[in-house]
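Here is how the chains run, residue by residue.
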Amino acid sequence: MKKAAALPGHRPATAAVVGPPTSAASAVDLSTRGRVTQLLLAQGPTTAAQLGSALGLSPAAIRRHLDAMLADGDVVAREQTVRGHRGRGRPAKVFVLTDEGKVRCGTHHYDNMATAALRWIARTGGSEAVDAFAAEQVSALEARCRAAMEDAGDDPLARAEALAGALTAEGYAANASTIATGGQLCQHHCPVAHVAAEFPQLCEAETAVISRLVGTHVQRLATIAHGDGVCTTHIPTQPGRAQSGNPVTTVRTDR
């Protein structure tokens, strides 16, 4: 059968679905993928259902974006950690940004140079020099956060909430919450995770800053540098007042 000739000025139906619309669709996909990436960066390990709900996407749509990100190596899927009683069935999968995915967000720049610099400091000055460097690096952060928390009062949990806001402004994507045993400060992004994986003094110095700013002894339960999805700091209900120089406890509960 012969195809009907197109009328003058009439565009065949197939022309409407090629060319620019395809480019526009790709642009929309990239924009949505960026929103997924930013949400994972801010929230840490997140289920597909949670991502879809937050972004207003259907299960099929969010799955399509996650499948593409899995294929590109921007995310990995893990079993969701369930603390306490767990219902029937397998735990839901959570999606976590990989190092490559974080690089696309503009994070982890200059990691190699920073690690090389700290290795040189360790070789030439020993562990004490690394400790001093770590303390110096977080001193400016502490000063900025303290200024932002000026009106937070003396209650450690209220101060933790104010600190979460200050850390978020610094790019740590932090939040604070009240739990049965006190409070919890979570940081969903760590600008120095790669370096801190080799030099935990950076994490220790940061934890000491949290203790001083909150005004009480704290316990670090998990860190991104050690492979956890989130840096988690526990704030006990009835702790003693923290003083500069007091030891800070780091406790790993997931391993």
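Residues numbered from 1 in each chain as written. Predicted model: local features only at pLDDT ≥ 70, side-chain atom pairs only at ≥ 80, totals over all residues. Heavy atoms only, no water.

A. Here's a closer look at helix H3 (residues 59-72). Over its 14 residues, H3 runs 20 Å from end to end, which matches the ideal 20 Å to within 8%, given 1.5 Å per residue. Of the residues making up H3, those classed as buried are Ala 61, Ile 62, His 65, Leu 66 and Met 69. The arc enclosing the buried residues of H3, seen along the axis, measures out at 125°, which places them on a common side. What points out from H3, more than 90 degrees from its buried face, is the exposed set Pro 59, Ala 60 and Ala 71. Downstream of H3 by one or two residues, Gly 73 has phi in the positive range, about 80°. (Helix = DSSP H or I, 4+ residues; strand = E, 2+ residues; numbered from the N terminus. Expected span 1.5 Å × (residues − 1). Buried < 20%, exposed > 50% of the residue type's maximum accessible area, 1.4 Å probe, protein only. Arc of directions from axis to C-beta.)

B. Representation of the pattern of salt bridges in the model. Enumeration over the complete set of coordinates arrives at seven salt bridges. Where Asp 72 meets Arg 33, a salt bridge forms, and the shortest distance between an N and an O atom there is 2.8 Å. On the criterion of sequence distance, the pair formed by Asp 72 in helix H3 and Arg 33 in helix H1 (residues 20-43) is long-range, its members being 39 residues apart. Using a relative accessible area of 17% as the deciding quantity, one classes Arg 33 as buried. Salt bridges sharing common partners tie together Arg 33, Asp 72 and Asp 74. (Salt bridge = Lys/Arg side-chain N within 4 Å of Asp/Glu carboxyl O.)

Remember that the coordinates give geometry; whether it matters functionally is a separate question.
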